Every structure is written in C-alpha cells, then in structure tokens.
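Remarks on the overall topology
The residues making up each chain are set out below.
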Amino acid sequence: MKELFKTSWETVMLISVSAFGIYIAVILFTRIVGKRSFSKMSSFDFAMTVAVGSIVASTILSSTVKMIEGIVGLGIVYLLQISVALARRNKSVQKIVDNSPLLLMDGEEIISSNLRKARVTEGDLRSKLREANVTELSQIKAVVFETTGNISVLHKKDDSPLDLWIMKDVKRS
C-alpha cells in the first residue's frame, strides 16, 4: 500500500511539466487540424477530455506510473482547465483558445473560401440545409459554422436584417 504513494519531487515536477505540455499541445494541434476533428466540442473541452482520459488510462494500466503521479497529473490538468476558463474572459486569450464562428453562406451566396477553411464540402452543406428544412436557397438568411463544429442555418422570414448581436464574432473570411 505504501508503494502507491511513494515518489520523488523530481518525478512530480516532470509530471507537472508533461501535463502542461500535453495540454497545450492538444489545444494547438486541435486548432491547427480544425474543428471537424471533434465535432460538437470546443478545443478547450476536447483538450480536457483527452488529457483526463490519457492520465486515467496511464495511471490504471501502466505499472511504471504510480497512483500519486496520476493524481498529481490530473490535479494539474484540472488546475489548467480552471485557469484557462478564467483567462478566457480576456479577449486575447479567448482568441487563442477558442475557434471563431465562420460564415459559410450569406443569403444565397456560398462562400467557397470559408467552406475550404472549415473543411466542409458542398455535400455537407446541402445535407445540413436539408436537415434544417430548407427547400429553396431563397429561404436562407445565413449559414454559420459554429465554434463547436455545428452548422447553424438562419432562415429568412422577411426582409429584416439579422440582429448584429447574433452575428457578432462571426468571420466573413
């Protein structure tokens, strides 16, 4: 039983640096690869999910990782999660950590360059429009690729413009 909690400060520091490095690497790689790699999650959520899963699996399955080391690693990942959540209140940090929504269609106009950026095909777009009960392109006010990887279809009910607050932060290109 005593062996489960036996470790050195050097090991705790190595685990701390590794947990921090892996956490940052997961966010960076996810931002580079794009939202399609984990649809429905932000890179922030995805990094946490992967990091916790990895630490839990390593601690449980590896005979070389002591339980106390796994607990320290988990603690650091959770502290990072809390720290990033608080830091995201700052616009600069939020821009680094979070993806921005991207306009895929402006009315009937398909923005092909944004489809490529989002790695969405026209087939994916048509599928989402059918899912949203669009029967004619003239019914579309805007289509937005959200930060989670979801595609939102805003319907045209009349000629009134979209409220600017709804479209805040949505990138046109």
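Our subject is the structure listed above.
Residues numbered from 1 in each chain as written. Predicted model: local features only at pLDDT ≥ 70, side-chain atom pairs only at ≥ 80, totals over all residues. Heavy atoms only, no water.

Once that is clear, we can look at the pattern of salt bridges. Applying the stated criterion across every chain yields a total of four salt bridges. The salt bridge partner of R172 is D106, with a shortest N-O separation of 4.0 Å. Of this pair, R172 sits in the segment after β4 (151-155) while D106 sits in strand β1 (residues 102-106); the two residues are 66 residues apart in sequence, bridging distant segments of the chain. Judged by its relative accessible area of 36%, D106 falls in the partly exposed class. Two residues, R172 and E109, come together in a salt bridge whose shortest N-O distance is 3.3 Å. Pair noted here: R172 is in the segment after β4 and E109 is in strand β2 (residues 109-110), with a separation of 63 residues, a long-range link. According to the relative accessible area criterion, E109 is partly exposed, its value standing at 40%. Because the salt bridges share partners, they merge into one network encompassing D106, E109 and R172. (Salt bridge = Lys/Arg side-chain N within 4 Å of Asp/Glu carboxyl O. Helix = DSSP H or I, 4+ residues; strand = E, 2+ residues; numbered from the N terminus. Buried < 20%, exposed > 50% of the residue type's maximum accessible area, 1.4 Å probe, protein only.)

The next point concerns the nonpolar core. Residues Y23, F44, A47, V77 and V84 are the most contacted members of the largest nonpolar core, which totals 15 residues. The set of elements that each furnish at least two residues to this core consists of α1 (9-33), α2 (43-61) and α3 (67-87). Top contributing element to this core by residue count: α2, with six residues. The contacts of F44, once residues within four sequence positions are left out, are Y23, Q81, V84, A85, R88, V97 and D98. (Core = buried A, V, L, I, M, F, W, Y, C linked by side-chain atoms within 4.5 Å. Contact = heavy atoms within 4.5 Å.)

The backbone of R119 sits at a positive phi, close to 60°, despite the residue not being glycine. Inspection of the secondary structure assignment puts R119 in the loop between α5 (112-118) and α6 (122-131). Phi is positive for D169, which is not a glycine, with a value near 75°. Mapped onto the elements of the fold, D169 is located in the segment after β4. By relative accessible area, which is 48% here, D169 ends up partly exposed.

For the rest of this paragraph, the subject is the layout of surface pockets. Here the second largest pocket is characterised by a volume of approximately 220 Å³. Around the second largest pocket, the lining comprises 14 residues; the ones closest to its centre are I15, S18, A19, I55 and G73. Broken down by secondary-structure element, the contributors of at least two residues to the lining of the second largest pocket are α1, α2 and α3. Considering each element in turn, the lining of the second largest pocket owes the most residues, five residues, to α2. (1 Å grid on protein atoms, 1.4 Å probe; cavity = no way out; pocket = protein on both sides within 12 Å on 5 of 7 lines; lining within 4 Å. Points joined across faces, edges and corners; volume = space filled by probe spheres on them.)

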